[in-house]
Amino acid sequence: FWEVSYNIAHLMQFIPVAIQAAAAVRHMEEMLDEPTPIADRPGAAELPRITDNIAFERVTFGYEGAERPVLDNLSLRLQAGKTIAIVGPSGSGKSTLLNLILRLYQPDEGRVTVDGVDVRKVTMDSLRQSMAVVFQDNMLFNMTIRENIRLGKEGATDAEVVAAAKKAEIHRYIMSLPDKYDTQVGERGDTLSGGQRQRLAIARAIVRDPAVLLLDEATSALDQTTEAAINKTLLKLARGRTMIFSTHRLASVVEMDEIIVISNGQAIERGSHKELLAKDGVYRKLWDDQTHGRHGSRNDDDDDEED
Ligand code: ATP
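What this report covers is the structure whose coordinates are included nearby. What you see is a predicted model, and the numbers here were worked out from it, not measured in a lab.

The next subject is the overall build of the chain. Within the chain, the regular secondary structure consists of twelve helices and ten strands. Out of the 307 residues belonging to the chain, those deemed buried represent 41%. Taking the contacts inside the chain whose residues are at least 6 apart along the sequence as the reference set, 74% of them involve residues at least 24 apart.

Listed below in structure tokens is the structure:
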């Protein structure tokens, strides 16, 4: 339950206020107790489209009540326009890193900047406009497919919704349904396979054409075939954007421009897959462990659409 409500809390930040009032969402809201929304500072500026980098400058951060900080004096520069993987064992702080970029939490010390501007000094609206996030579990609401995608951009036209679905490579599947975009998604999206749900979540994220696309274990819960198919879609979507992809599954990151290994709140290795293998360090060990110990599972994504 904690994890589900945590994900709802994340997603709520990205749903337009008007829709948050919907009864289904209100019910969810009652279950939420954190994180508290962060208000704009007086005189907060609009964030321009990112051109250079997202940086962590000596960031220390710990969750309330925790003994040790998750990130400890972390300095890290993420180059705009690249596909960047954040990898590391469970609990190493990957999600936390994304949370701080999204300003769902704030550093205890240090700062997170976009093109040199402290994210605390920009409006939340402009920050959210420029970024979109896909989680491992994404809320789908009991409304039509069209409306579920439109949650990503208030007032998105039908053409924009269709364009987003095409980019997420779920359009053809939607068109095969009797009611097409008017198909009602079940209460928990359980009329769709895991892969289809993720593709809808990707369409929702992409509909506002975000400069920065954040993926938090977005394909880790899928079987290997589905995971690979969706990762392929994501790499296409990353063109012209900055993509930050957190995962503990290394098979997903082989083709990324850069891989950053996080451990105990520090970035301990970074480079391309090839460079990191050659380095023969922590990444190499994780890679060897995973490639020797992987098991196959159910393939539930029959929607590998090629445009
Ligand atoms: P995973 O792959 O399991 O999600 P991760 O690398 O993304 O792991 P984080 O989720 O960032 O790691 O968690 C880092 C540490 O912070 C963990 O010890 C976790 O238990 C703790 N933590 C994460 N979120 C919260 C929270 N909202 N409140 C308190 N502690 C938290």
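A separate point is helix H4 (residues 94-101). Across the eight residues of H4, eight count as buried, placing the element largely inside the fold. Three or more residues of H4 are buried, namely Lys94, Ser95, Thr96, Leu97, Leu98, Asn99, Leu100 and Ile101. One or two residues past the end of H4 sits Arg103, with phi positive at roughly 60°.

What follows deals with the nonpolar core. One recurring pattern in soluble globular proteins: nonpolar side chains tend to sit buried together. Ala203 and Leu214 are the most contacted members of the largest nonpolar core, which totals 75 residues. Excluding residues within four positions of it along the chain, Leu214 makes contact with Leu98, Ile101, Leu102, Met131, Val133 and Ile244.

Right, let's get into the site of the ligand. Close to the ligand lie 13 residues, the nearest being Tyr63, Ser90, Lys94, Ser95 and Thr96. Residue classes in the shell around the ligand are distributed as three nonpolar, eight polar and two charged.

Calculation rules
Residues numbered from 1 in each chain as written. Predicted model: local features only at pLDDT ≥ 70, side-chain atom pairs only at ≥ 80, totals over all residues. Helix = DSSP H or I, 4+ residues; strand = E, 2+ residues; numbered from the N terminus. Buried ≥ 20, exposed ≤ 12 C-beta atoms within 10 Å, placed from the backbone. Contact = placed C-beta atoms within 7 Å. Core = buried A, V, L, I, M, F, W, Y, C linked by C-beta atoms within 7 Å. Near = placed C-beta within 6 Å. Nonpolar A, V, L, I, M, F, W, Y, C, P; charged D, E, K, R; others polar.

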